[in-house]
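Okay, here's what each chain looks like letter by letter:
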Amino acid sequence: MENKIIDESKQGEVLVMDVLTSSASKNGKKLFLESYGCQMNFADSEIVASILMKEGFSTTSNAEEADLIFMNTCAIRDNAENRVRQRLQDYKKIKRSKPELLIGVLGCMAERLKSQLLEEEKLVDIVVGPDAYRDLPNLITQAETGQQAINVILSKEETYADIAPVRLDKNGVSAFVSIMRGCDNMCSFCVVPFTRGRERSRDPKSIVKECQDAFEAGYREVTLLGQNVDSYLYSGGGLKKEILTDEQKANSVNFAQLMKMVALINTDLRVRFSTSHPKDMTDDVIEVMAKYENICNNIHLPVQSGSSKVLEMMNRGYTREWYLDRIAAIRRIIPGCGISTDTISGFCGETEEDHQETISLMNQVKYDFAFMFMYSERPKTLAERKYKDDVPEVIKQKRLAEIVALQRQHSEYHTRKQVGNITKVLIEGFSKKSEEMLMGRNSQNSVVVFPKGNYKRGEYVNVLVTSSTSSTLIGEVV
Ligand code: SAH
Ligand code: SF4
Ligand code: F3S
């Protein structure tokens, strides 16, 4: 990301996954798989690729030569869905000249729209929700006989724990590992509980094994993923969190314990995680981070708004004061920890005073970076049913622009402060601008660029920072 700050126009980033082009196809059929949305969706695409490779498919980066085009979609904001619809038009064009081509819509938009998607988008053959990927081989067979195929059943158990993902990213250094699925929080603006279903935690043994396998395959960083990682809780025997006795809870594995288990795999394996929820983040988690050098000093703690009134309407489960107390705990236990956030501008009933509270909170915390959005009303959510989307578009835009400008200053402040420091960097590959330069990240998740020398991706180096931009540290290996 060029600037680590993304605004509404850049969300739902597109990534075409094309790594497996050379894999031999056993059934002679090629899959083109495109993913949108959050890291969890990208991790799901690796599960999908794994399931279909077992069926004999290979993948291709060229949609024109595909037998199967799958889009793994996001529904978080209206324009995430618009982008998918636009893209579908391109694929439908291909299908018109190649009728045997199958088009599938997967993920959150499929789950949200269900059969409505098949009615609206006539040339779509397959619609599959995030908990039904094991059914893909059947659905494909069904679609091959000319029927439209759909499975959008949400599960309370599915975690795909036994499926080894096929790594689709190209850097071979950092891997994403889902530790849980779904979300039980019901933030009033959010569609995720409807598209991903109930929260469930994955068996820690399978998580540790996946991280270990990644390390043995050369990966040097794992990011543990969940919508609310602080609420991770696994108890043997498949017992549901809500019916556990206190004793059973004491015998189960929580997030702090899981992180410790992963950190102990190897000191050369960095551990990151996303996303923490302010209402559930305990000092335990921060203390484990402080104790293990390979757990990165970086916390993404979405605030959404600095106004307690708006937070209440958002059903976030914390106040401004509670949030600031969590920030104070992080600063106390891990001085110098990188902290990032998400904000929403123009939520229902947000006044200029509420907006100024977000600005003042940002000034108080001074985030290293932020994902900043304008509120987009989502069908069926609590906010859609209860409140009026009453902040005019131009005001939403104006407030977002103010937040983006302020965040840029804060990002600059943080990067400038690092000039003169020596920082440990895990090399991820060439810098975007030049093959003479390498790039990597430090523990705080800042991007660091330096001359390549004889260093290679996957290695750790200490870099003396000599200059900075708002988003990048520039330096040389010492
Ligand atoms: N589980 C994470 C967030 C996942 S969605 C958490 O609770 O923090 C990522 C971000 O998208 C959210 O933090 C929020 O800032 C934004 N977002 C979610 N729904 C939105 C909506 N309806 N309009 C605008 N932004 C939204
Ligand atoms: Fe959405 Fe809230 Fe769950 Fe995050 S915690 S996914 S914002 S409902
Ligand atoms: Fe989007 Fe679904 Fe992720 S709505 S943000 S892809 S959980």
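Please read all numbers here as calculations on a predicted model, not as lab measurements.

So, how was this worked out
Residues numbered from 1 in each chain as written. Chains lettered and ligands numbered in written order. Predicted model: local features only at pLDDT ≥ 70, side-chain atom pairs only at ≥ 80, totals over all residues. Heavy atoms only, no water. Helix = DSSP H or I, 4+ residues; strand = E, 2+ residues; numbered from the N terminus. Rg over C-alpha atoms; globule rule 2.2 N^0.38 Å. Buried < 20%, exposed > 50% of the residue type's maximum accessible area, 1.4 Å probe, protein only. Contact = heavy atoms within 4.5 Å. Areas by Shrake-Rupley, 256 points an atom, 1.4 Å probe, with all protein chains shown as cover. Lys, Arg positive; Asp, Glu negative; His and termini not counted. Charge placed at Lys NZ, Arg CZ, Asp CG, Glu CD. Near = heavy atom within 4 Å. Nonpolar A, V, L, I, M, F, W, Y, C, P; charged D, E, K, R; others polar. Pairing = 2+ DSSP bridges. Phe/Tyr/Trp six-rings, centres within 6.5 Å; stacked < 30°, edge-to-face > 60°. Lys NZ or Arg CZ within 6 Å of the ring centre and 35° of its normal. Salt bridge = Lys/Arg side-chain N within 4 Å of Asp/Glu carboxyl O. Polar contact = N/O pair within 3.5 Å; in protein donor to acceptor, adjacent residues only side chain to side chain. Axes fitted to C-alpha atoms, helices over the stretch in contact; angles between N-to-C directions. Arc of directions from axis to C-beta.

Engineer: Would you explain the overall build of the protein in this entry?
Structural biologist: Counting its secondary structure elements, the protein contains 15 helices and 22 strands. Relative to the 2.2 N^0.38 estimate, which gives 23 Å for 478 residues, the radius of gyration of the protein is 22 Å and therefore close to what a compact globule would have. Across its three principal directions, the C-alpha atoms of the protein cover 60 × 60 × 50 Å. Split into buried and exposed, the 478 residues of the protein put 57% on the buried side. Residue pairs in contact within the protein that sit at least 24 positions apart in sequence constitute 73% of those at least 6 positions apart. Put simply, the protein shows about 20000 Å² of open surface, and 51% of that area lies on carbon and sulfur atoms. Side-chain charges in the protein split into 63 positive and 67 negative, and the spacing between the mean points of these groups amounts to 1 Å.

Engineer: What should I look at first to understand the site of ligand 2 in this one?
Structural biologist: Every residue close to ligand 2 is listed here: Cys183, Asn185, Met186, Cys187, Phe189, Cys190, Val192, Pro193, Gln227, His277 and Arg316. For the shell around ligand 2, the class distribution of residues is seven nonpolar, three polar and one charged.

Engineer: In this structure, what is going on with the pairing of strand β19 (residues 437-441)? I would like to understand it.
Structural biologist: Looking along a regular strand, one sees the side chains alternate between the two faces of the sheet. Examined bridge by bridge, strand β18 (residues 422-430) and β19 share four bridges and lie antiparallel to one another. Directly across from phenylalanine 430, in β19, lies its bridge partner leucine 438. The hairpin formed by β18 and β19 contains six residues between the paired strands. Taken together, the five bridges between β19 and strand β20 (residues 447-451) define a ladder with antiparallel strand orientation. Note on β20: the bridge partner recorded for leucine 438 is phenylalanine 450.

Engineer: What am I meant to see in the packing of aromatic side chains here?
Structural biologist: A complete count under the given rule lists eight aromatic pairs for this structure. Look at phenylalanine 32 and tyrosine 91: their rings are 5.9 Å apart centre to centre, the planes differ by 65°, and that puts the pair in the edge-to-face class. Residue phenylalanine 32 is found in strand β2 (residues 30-35), and its partner tyrosine 91 is found in helix α2 (residues 78-97); the two are separated by 59 residues along the sequence. There is no split in this pair, since phenylalanine 32 and tyrosine 91 are both buried. An aromatic cluster of at least three residues, connected via ring pairs, comprises Phe189, Phe347, Tyr375 and Tyr387. Its guanidinium or amino end placed over the ring of phenylalanine 215, arginine 220 lies 4.1 Å from that ring's centre, counting from NZ or CZ. The ring of tyrosine 413 has lysine 366 sitting right over it, with the charged end atom 5.1 Å from the ring centre.

Engineer: Can you walk me through the pattern of salt bridges in this structure?
Structural biologist: Pairs can form between side chains of opposite charge once their charged atoms are near each other. Summed over the entire model, instances satisfying the criterion amount to 39 salt bridges. Note that glutamate 81 is salt-bridged to arginine 378, the shortest N-O span being 3.1 Å. Of this pair, glutamate 81 sits in helix α2 while arginine 378 sits in the loop between β17 (369-374) and α14 (382-386), and the two are 297 residues apart along the sequence. Overall, glutamate 81 belongs to the buried group, its relative accessible area being 3%. In this structure arginine 378 comes out as buried when scored by relative accessible area, which is 1%. Two residues, lysine 209 and aspartate 213, come together in a salt bridge whose shortest N-O distance is 2.8 Å. Of this pair, lysine 209 and aspartate 213 both sit in helix α7 (residues 204-216), separated by four residues, roughly a single helical turn. Each member of the salt-bridge network shares a partner with another, and the members are Asp44, Asp131, Arg181, Arg196 and Arg200.

Engineer: What am I meant to see in the side chain of threonine 472 here?
Structural biologist: As for its position among the elements, threonine 472 is in strand β22 (residues 472-477). Of note is the side chain of threonine 472, whose polar atom sits 3.2 Å from the side chain of serine 471. Discounting residues that sit within four places of it in the chain, threonine 472 has contacts with Thr415, Val447, Val449 and Ser467.

Engineer: Would you take a moment to explain the site of ligand 3 for this structure?
Structural biologist: The local shell around ligand 3 consists of Cys38, Asn41, Cys74, Ala75, Ile76, Cys108, Val192, Arg196 and Gln227. Here the residues of the shell around ligand 3 are counted per class, giving six nonpolar, two polar and one charged.

Engineer: Before we go on, may I ask you to explain the sheet that holds β19 in this structure?
Structural biologist: The strands making up a sheet associate through hydrogen bonds between their backbones, and the pairing can be parallel or antiparallel. Pairing is mixed around the closed barrel formed by five strands, whose spatial order is β18-β19-β20-β22-β21. Direction aside, neighbouring strands of the sheet carry axes that sit 55° apart on average.

Engineer: Teacher, can you tell me more about the environment of glycine 475 here?
Structural biologist: In this fold, glycine 475 is placed in strand β22. Each C-alpha atom, one on glycine 475 and one on asparagine 27, is 50 Å from the other, the two residues being 448 residues apart in sequence. Apart from the residues within four sequence positions on either side, glycine 475 is in contact with Val449, Phe450, Pro451, Val463, Leu464, Val465 and Thr466.

Engineer: Got a minute to help me understand the pairing of strand β14 (residues 270-274) in this structure?
Structural biologist: The element β14 is extensively covered by neighbouring structure, given that five of its five residues are classed as buried. Taking every second residue as pointing to the same face, both faces of β14 are buried, with Arg270, Arg272 and Ser274 on one and Val271 and Phe273 on the other.

Engineer: What's the story with helix α9 (residues 255-263) in this structure? I'm lost.
Structural biologist: Note that an α-helix has 3.6 residues per turn; residues three or four places apart therefore point the same way. For α9, the full list of buried residues reads Phe255, Ala256, Leu258, Met259, Val262 and Ala263. One side of α9 carries all its buried residues, which in axial view fall inside an arc of 160°. The secondary structure elements touched by the buried residues of α9 are α7, β11 (221-225), β13 (253-254), β14 and α10 (283-291). Backbone nitrogen of alanine 256 and a side-chain oxygen of the N-cap are separated by 3.2 Å at the start of α9; the cap is asparagine 254.

Engineer: In this structure, what is going on with the side chain of serine 235? I would like to understand it.
Structural biologist: With respect to the helices and strands, the residue serine 235 is situated in the loop between β12 (233-234) and α8 (246-250). Residues within four places of serine 235 in sequence aside, it is in contact with Leu244 and Ser252.

Engineer: Looking at this model, I keep getting lost on the environment of alanine 63. Mind explaining?
Structural biologist: Assignment of secondary structure puts alanine 63 in the loop between β3 (58-59) and β4 (68-73). Separated by 31 residues in the primary sequence, alanine 63 and isoleucine 94 have C-alpha atoms spaced 8.3 Å apart. Ignoring sequence-local partners within four residues, the contact set of alanine 63 consists of Phe32, Ile69, Tyr91 and Ile94.

So far we have only geometry, and geometry alone does not tell us how the molecule works.
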